[in-house]
Amino acid sequence: MCSTTAAPAPGPSLNEKYPLQNDLMLRAARGERVERTPVWLFRQAGRHLPEYMAYKEEKGKNFLQLLDDPLDVAEVTMQPIRRYPLDAAILFSDILVVAEALGIDVEMPGGKGITVPRPLTGPDDFYARIPKEVDVAQKLSHVITAVTTIKETLKGKVPLIGFSAAPWTLMYYMVGGSSRQNQENGEMWLREYPEASKDLLDLLTGVVIEYMSLQVQAGADMIQVFEAMGDFISEENFYEWAMPLLKRIATELRERHPDVPLLCFTRGATYSSVALQQAGYNIITMDTKTDRKATRAALQADFEANGAPAGRVSGVQGNFDVALLREPSTEAQVRDAVATLLQDLGPQQLIANLGEGLMGKENPELVTAFVNAVHEISEQMIAAE
């Protein structure tokens with residue numbers, strides 16, 4: 001269960017104070033016609049940027065420490081917006097802040113990614129350590145404050161995307177401790193401890209809904225759900241355990257915030273695109289391995305047969321190969337790959353993005369080439385229609 005303290009100032013007041021100067025992302029997500037395809041990048045704020053590394057050194061903070069200060073969060077969120085002509089900012093945060101709100105310790109040992117040093121060992125450990133209720137507004141107040149701080153800093157330049165990890169992904173880390181080790185623990189819990197798994201996933205779902213709703217109230221213009229650990233659940237278990245929770249999240253958020261577009265990325269489980277459309281997500285994200293044309297065709301056929309809660313076929317997001325943004329790639333190669341992406345998917349009802357997040361070794365000049373190519377080639381295609 002979740003409880004809340006006083007909610008932050010509602011987003012509409014900030015949007016009235018700072019009307020959006022660029023609403024391409026919102027129009028694309030709502031299925032409206034755009035004059036060029038919008039683009040942003042998974043992990044666009046972070047270590048591929050020299051200014052980010054310099055800022056961390058100047059502050060003497062690591063990644064997790066930066067997340068604790070809304071001013072640091074706002075600065076890092078703004079860095080890619082200053083450098084690239086992106087069509088959206090995304091909250092600089094981490095998927096495991098929800099686990100932290102439930103009392104789970106999170107660490108970032110050098111070179112090993114983010115880890116949970118004391119994962120849940122079984123049902124008794126879960127029921128002893130994890131509270132049945134959490135005051136989301138209080139526990140994650142620093143994140144909610146950061147959302148409003150970012151909106152004040154953006155001053156309407158582009159929309160702000162809020163986000164959360166999905167319940168399965170959170171559970172995966174909470175019982176396994178790492179993305180790289182104990183990868184079987186999540187499914188072992190589903191198999192060996194079904195009752196505790198249900199209780200944990202239900203608790204996480206409620207927290208995720210409240211957390212993302214608070215982000216919208218604080219000013220977020222769009223919300224993305226990251227099912228980042230879709231590679232580590234079978235398709236059968238995904239549909240039995242994960243998908244109903246993703247549907248519940250979409251249903252409740254649509255009821256609370258009907259005008260806020262919902263995006264979902266089931267990395268490693270993009271076979272679920274049609275189910276996500278039926279769940280009510282406006283935008284379905286494709287990972288690098290996803291067949292572009294087949295996904296478009298499946299969504300269209302499903303909509304024609306069954307309709308959709310959004311009242312239109314869902315748009316898509318993705319799925320440029322991030323490897324092309326690292327040397328020895330050239331700007332010409334990046335541009336050619338963008339042209340192929342746009343030819344495969346068409347420039348409308350598309351949010352151009354990566355199929356995986358930036359990892360840190362990408363060349364900012366190649367990133368610039370990608371963003372510019374999306375805008376230029378899509379504008380030419382649309383003008384020629």
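Residue positions are given per chain, counted from 1 along the sequence in the order it is written. Selection of residues for local features in this predicted model requires a pLDDT of at least 70, selection of side-chain atom pairs for listing and counting requires 80 or more, and totals for whole chains, interfaces and linings are taken over all residues. Based on all heavy atoms of the structure, the side-chain values leave hydrogens and waters out of the count.

Looking now at the side chain of Ser-213. Only runs of H or I of at least four residues qualify as helices and only runs of E of at least two qualify as strands under DSSP, and these elements are numbered from the N terminus. Along the chain, Ser-213 falls in helix H12 (residues 194-218). Classification of Ser-213 by relative accessible area gives buried; the value is 1%. Under the rule applied, a polar contact is a pair of N or O atoms within 3.5 Å (in protein, one hydrogen donor and one hydrogen acceptor; residues adjacent in sequence only if both atoms are side-chain atoms). Here the side chain of Ser-213 touches Arg-256 through a polar contact of 3.3 Å, side chain to side chain. Buried, partly exposed and exposed residues are distinguished by accessible area as a fraction of the type maximum, computed with a 1.4 Å probe on protein chains only: under 20%, between the cut-offs, and over 50%, respectively.

Below, the discussion takes up the pairing of strand E5 (residues 222-226). Counting buried positions along E5 yields 5 of 5 residues, so the element is predominantly enclosed. Of the two faces of E5, the one lined by Met-222, Gln-224 and Phe-226 and the one lined by Ile-223 and Val-225 are each fully buried. Being paired, for any two strands, means DSSP has found at least two bridges between them. Note: strand E4 (residues 160-165) against E5, 5 bridges, orientation parallel. Bridging from a neighbouring strand, Gly-162 pairs with Ile-223 of E5. Of the pairings in the sheet, the one linking E5 to strand E6 (residues 262-265) comprises 4 bridges and is parallel in character. Residue pairing across strands places Phe-226 opposite Phe-265, the latter belonging to E6. Once the chain exits E5 it traverses helix H13 (residues 235-256) before rejoining the sheet at E6, and the crossover so formed is right-handed. A right-handed crossover is one whose linking path, passing over the helix from the first strand to the second, runs clockwise when the strands point away from the viewer.

Time to look at empty space enclosed by the protein. Residues are called lining when one of their atoms sits within 4 Å of a cavity or pocket point, these points coming from a 1 Å grid over the protein atoms alone, where a cavity is a set in which a 1.4 Å probe fits but cannot get out and a pocket is an open set with protein on both sides within 12 Å along at least five of seven lines. Grid points are joined across faces, edges and corners, and a volume is the space filled by probe spheres set on the points. Enumeration over the complete set of coordinates arrives at 2 cavities of 30 Å³ or more. Estimates place the volume of the largest cavity at around 40 Å³. Looking at the largest cavity, the residues that line it are Leu-67, Val-73, Leu-91, Phe-92, Ser-93, Val-97, His-142, Val-143 and Ala-146. Of the residues forming the lining of the largest cavity, the biggest block, 3 residues, is contributed by helix H9 (residues 141-154). Three residue categories are used. Nonpolar comprises Ala, Val, Leu, Ile, Met, Phe, Trp, Tyr, Cys and Pro, charged comprises Asp, Glu, Lys and Arg, and polar comprises the others, including Gly. Each residue belonging to the lining of the largest cavity can be placed in one class, and the counts come to 7 nonpolar, 2 polar and no charged. Of the residues that constitute the lining of the second largest cavity, the class distribution is 3 nonpolar, 5 polar and 1 charged.

Here we take up helix H15 (residues 292-306). The span one expects for a helix is its residue count, reduced by one, times 1.5 Å. Here H15 is 15 residues long and its end C-alpha atoms lie 21 Å apart, about the 21 Å a rise of 1.5 Å per residue gives. Of all the positions in H15, only Arg-292, Thr-295, Arg-296, Leu-299 and Asp-302 are classed as buried. Down the axis, H15 shows its buried residues gathered within 135° of arc, on one side only. When the buried face of H15 is taken as reference, the exposed residues oriented beyond 90 degrees from it are Lys-293, Glu-304 and Ala-305. Buried residues along H15 sit against helix H14 (273-279), strand E7 (283-285), strand E8 (315-320), helix H16 (331-345) and strand E9 (350-354). A positive phi of about 70° marks Gly-307, the residue just after H15. What the arc covers is the set of directions going from the helix axis to the C-beta atoms. Residue contacts are counted whenever heavy atoms from the two residues lie within 4.5 Å of one another.

Looking now at the layout of surface pockets. Unoccupied space between atoms shows up once a probe the size of one water molecule is rolled over them. In this structure, the largest pocket encloses a volume near 1,400 Å³. Forming the boundary of the largest pocket are 44 residues, of which Arg-43, Arg-47, Asp-94, Leu-358 and Met-359 lie nearest the centre. Looking at which element gives the most residues to the lining of the largest pocket, the answer is helix H3 (residues 50-59), with 3 residues.

Let us now look at the pattern of salt bridges. In what follows, salt bridge is the name for a side-chain nitrogen of Lys or Arg lying within 4 Å of a carboxyl oxygen of Asp or Glu. In this structure the tally under the stated criterion is 20 salt bridges. A salt bridge links Glu-35 to Arg-27; the shortest N-O distance between them is 3.0 Å. The class of Glu-35 is partly exposed, set by a relative accessible area of 36%. For Arg-27, a relative accessible area of 16% gives the class buried. Ionic pairing is found between Arg-326 and Glu-362, a salt bridge with its closest N-O pair at 3.1 Å. A residue pair is termed long-range when its members are at least 10 positions apart, and Arg-326 in the loop between E8 and H16 and Glu-362 in the loop between E9 and helix H17 (364-384) qualify at 36 residues. One network of salt bridges, in which partners are shared, links Asp-23, Arg-27 and Glu-35.

With that settled, consider the pairing of E9. E9 sits mainly inside the fold: 5 of its 5 residues count as buried. The two faces of E9 match: Leu-350, Ala-352 and Leu-354 on one face and Ile-351 and Asn-353 on the other face are all buried. Here E8 runs beside E9; their pairing, made up of 5 bridges, is parallel. Residue Asn-319 lies in a different strand from E9, and its bridge partner there is Asn-353.

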